[in-house]
Amino acid sequence: MAAVAVAEQLQRELALHGITADVNNGYGLAVVSVWHGLVVWTNDDRFWWWAGWNDQRDRPVYAWQPTTDPKRAARRIAARYGDLLASAPKRR
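Only a predicted model underlies this, so the values are computations on that prediction, with no experimental measurement involved. (Residues numbered from 1 in each chain as written. Predicted model: local features only at pLDDT ≥ 70, side-chain atom pairs only at ≥ 80, totals over all residues. Heavy atoms only, no water.)

Engineer: I would appreciate a short explanation of the pattern of salt bridges in the present structure.
Structural biologist: Side chains carrying opposite charge are able to pair once their charged atoms draw close together. Taken as a whole, this structure holds 2 salt bridges when the rule is applied. Lysine 71 is the partner of glutamate 13 in a salt bridge, and the nearest nitrogen-oxygen pair spans 3.4 Å. Linking glutamate 13 in helix H1 (residues 2–16) with lysine 71 in helix H2 (residues 70–87), this pair joins segments that are 58 residues apart in sequence. Under the relative-accessibility criterion, glutamate 13 is labelled buried at 14%. For aspartate 45, the salt bridge goes to arginine 46, with nearest N and O atoms at 3.7 Å. (Salt bridge = Lys/Arg side-chain N within 4 Å of Asp/Glu carboxyl O. Helix = DSSP H or I, 4+ residues; strand = E, 2+ residues; numbered from the N terminus. Buried < 20%, exposed > 50% of the residue type's maximum accessible area, 1.4 Å probe, protein only.)

Here it is in structure tokens:
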């Protein structure tokens, strides 16, 4: 499945940023699980992930990147991961 192949490529790029992720597939899509609240979907054409919330429209905002540039997608996802990690409650 092509979606799994590009998801695995993204997984390898994320590993270069020190991020461990899991890849799962089904129904023509692949999912890269990165962190709580950070899941990246792909259909072989693009990667997309939840990037925040729009209070004015009361709906989520999604970011996306073509699968032809997994390095840039990984950099953007790593930045989002850093934001989520920084805002996560600290464990005792």
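After that view, the rundown keeps rolling.
Engineer: Teacher, can you tell me more about the sheet that holds strand S1 (residues 22–26) here?
Structural biologist: Where strands meet in a sheet, backbone hydrogen bonds hold them as pairs that are either parallel or antiparallel. What the 5 strands build is an open sheet, ordered S1-S2-S3-S4-S5; its pairing is antiparallel. Only two strands of the sheet have a single neighbouring strand rather than two, namely S1 and strand S5 (59–66). Sheet twist, expressed as the mean angle between neighbouring strand axes with direction ignored, is 30°. With 5 bridges joining them, strand S2 (residues 29–35) and strand S3 (residues 38–42) adopt antiparallel strand pairing. (Pairing = 2+ DSSP bridges. Axes fitted to C-alpha atoms, helices over the stretch in contact; angles between N-to-C directions.)

Engineer: What is the right way to read unusual backbone geometry from this model?
Structural biologist: Positive phi outside glycine occurs at tyrosine 27, with the angle close to 55°. Along the chain, tyrosine 27 falls in the loop between S1 and S2. With phi around 55°, aspartate 58 is a residue other than glycine that occupies positive phi space.

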